[in-house]
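Architecture and fold: a report
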Amino acid sequence: MAGAAALVEADNANEIMARIETKSQKIESLLKHYKHVEALKTALDGSPLTTYDERCKSANWIVVHRAIMAIKDIDGMLNSLAAEYYDILMKYLYRGLSTGNEPTCEQCLIIHEKLIERAGLGCILRCLSDTNSV
């Protein structure tokens, strides 16, 4: 049984990777047209929360990271971002902080501060208590 589950996960991972590649191309196009908020929304949509495949999670992190680093107007971004994105964005901010990369950590901390002002402390609690990682 465990082998069958692993096979299903591997097939699913290939599908997820294909979607991430398509999403990556769309995000690059949006960033070239200075549509940073739209790129971030696209990056956060369909994040592979339920897969255990680290390749999928890492590939999606790269896409989200690219969009996060392009954001210059954080208040404008949060004004344009629907509340449904707050918790998933918080998860990616914590992933960014875990990299230890100074520019990434700096950007994540700036966004984190503004996101907490907007979403409240519940956003942190939901992020930390959710067992699905990014």
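Residues numbered from 1 in each chain as written. Predicted model: local features only at pLDDT ≥ 70, side-chain atom pairs only at ≥ 80, totals over all residues. Heavy atoms only, no water.

**Quick notes on the nonpolar core**
- Counting 39 residues, the largest nonpolar core has Ile68, Met77 and Leu89 as the members making the most contacts within it.
- The element contributing the most residues to this core is helix α3 (residues 54-70), with eight residues.
- With sequence-adjacent residues up to four places away left out, Ile68 is seen in contact with Leu40, Trp61, Leu89, Tyr92, Leu93, Gln107 and Ile111. (Core = buried A, V, L, I, M, F, W, Y, C linked by side-chain atoms within 4.5 Å. Buried < 20%, exposed > 50% of the residue type's maximum accessible area, 1.4 Å probe, protein only. Helix = DSSP H or I, 4+ residues; strand = E, 2+ residues; numbered from the N terminus. Contact = heavy atoms within 4.5 Å.)

**Notes on the side chain of Lys23**
- By the element assignment, Lys23 lies in helix α1 (residues 2-32).
- Every residue in contact with Lys23, bar those within four places of it in the chain, is listed here: Thr42, Ala43, Asp45, Gly46, Ser47, Asn60 and Val63.

**A word on the confidence of the model for the chain**
- Per-residue confidence for the chain averages 91 on the pLDDT scale, and 92% of its residues sit at or above 70.
- The least confident element of the chain, judged by mean pLDDT, is α1 at 80; the most confident is helix α6 (residues 102-119) at 97.
- pLDDT under 50 marks residues 1-8. Its contacts with residues more than four places away, or in other chains, come to zero contacts. (pLDDT = per-residue confidence, 0-100.)

**Considering the state of the cysteines**
- Applying the stated rule across the entire model yields zero disulfides.
- With no disulfide of its own, Cys56 has Cys127 as its nearest cysteine by sulfur position, at a separation of 20 Å.
- The class for Cys56 is buried, based on a relative accessible area of 0%.
- Not part of a disulfide, Cys123 finds its nearest cysteine sulfur in Cys127, a span of 6.8 Å.
- The class for Cys123 is buried, based on a relative accessible area of 0%. (Disulfide = S-S within 2.5 Å.)

**Remarks on the packing of helix α5 (residues 86-99) against α6**
- Viewed as axis vectors pointing N to C, α5 and α6 meet at an angle of 150°, and their least axial separation amounts to 9 Å. One element, α5, and the other, α6, form an angle in the roughly antiparallel class. Where α5 crosses over α6, the two elements pack in a sense that is left-handed. Along the contact surface, α5 presents Tyr86, Leu89, Met90, Leu93, Tyr94, Gly96, Leu97 and Thr99, while α6 presents Thr104, Cys105, Cys108, Leu109, Ile111, His112, Leu115, Ile116, Arg118 and Ala119. (Axes fitted to C-alpha atoms, helices over the stretch in contact; angles between N-to-C directions. Parallel < 35°, antiparallel > 145°, perpendicular 65-115°, else oblique. Left-handed = near helix turned anticlockwise from the far one by under 90°.)

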